[in-house]
Amino acid sequence: MSNILNTEFQQVSTGNSNSLRTLISRTLTIAFLALFLQGCELDDGTDSTDDDEQTVVYSTDGGTATLDNDDKYELILRADSTYLILEDNLTEISIQGDDNYLVIDSDTSIDSISINGDDNIITVDDDVNLTVDQLTIQGNGNSVTVYDIGTYTQTGDVDEPDNLACEEITGTCQ
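Note that the structure is predicted; figures quoted are calculated from it, not measured.

Engineer: Before we go on, may I ask you to explain the packing of aromatic side chains in this structure?
Structural biologist: Two numbers describe a pair of aromatic rings. These are the distance of the centres and the angle of the planes. Applying the stated rule across the entire model yields one aromatic pair. With a centroid separation of 5.4 Å and 10° between ring planes, the pair formed by Y83 and Y101 is classed as stacked. Of this pair, Y83 sits in strand β4 (residues 83–87) while Y101 sits in strand β6 (residues 101–104); the two residues are 18 residues apart in sequence, bridging distant segments of the chain.

Here it is in structure tokens:
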């Protein structure tokens, strides 16, 4: 590159006007490219608003665990007869199994809870006023106890006497 510029400088100094235009054009092109590249960012394929959100998949039947995460996370539970204590930063819960028992330890707001199974129980620890924006239950004998629910949808055998779908501390769900 420096050899090309030196040659062009020599041609300019000898009075070749065509070389002067070429030199100015190349100099402006290099300056423009340098400014353009300086303004570019490398994209790693992630959305900056969701950088910290993770998906946690738990699939140990009969397992007992406490899940805690520094970052926001979505829980997908694909197990039966599991006991989980859920701490901090939950955004969504999806249960795909039967006879699970979940205790929400500290969150006060969750975007959605979805249950696809039977006889699952979700409850909150003492002094936790949990609000769920969207609760969807597909199955029978499921129980969800929270402080408040925005939207509630249930499909299952609604005539079954043991099909308590959800209970709000502020009242009983319809």
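There is more to say, and it comes next.
Engineer: Any chance you could explain the confidence of the model for the chain here in plain terms?
Structural biologist: In low-pLDDT regions, the fine details of the predicted coordinates are not to be read closely. In the predicted model, the chain carries a mean pLDDT of 78, and the fraction of residues at 70 or more is 68%. Low pLDDT (under 50) marks residues 159–164, which in the prediction has ten contacts with non-local residues, meaning those over four places away or in another chain.

Engineer: Would you explain the sheet that holds strand β1 (residues 54–58) in this entry?
Structural biologist: The parallel open sheet is built from six strands, whose spatial order is β1-β3-β5-β7-β9-β11. The open sheet is flanked by β1 and β11 (148–155), the only strands paired with a single partner. Ignoring which end each strand starts from, the neighbouring axes of this sheet average 10° apart. Alignment of strand β3 (residues 73–77) against strand β5 (residues 90–95), held across five bridges, turns out to be parallel. Bridging across to β5, L75 finds its partner in I93.

Rules used throughout
- Residues numbered from 1 in each chain as written.
- Predicted model: local features only at pLDDT ≥ 70, side-chain atom pairs only at ≥ 80, totals over all residues.
- Heavy atoms only, no water.
- Phe/Tyr/Trp six-rings, centres within 6.5 Å; stacked < 30°, edge-to-face > 60°.
- Helix = DSSP H or I, 4+ residues; strand = E, 2+ residues; numbered from the N terminus.
- pLDDT = per-residue confidence, 0-100.
- Contact = heavy atoms within 4.5 Å.
- Pairing = 2+ DSSP bridges.
- Axes fitted to C-alpha atoms, helices over the stretch in contact; angles between N-to-C directions.

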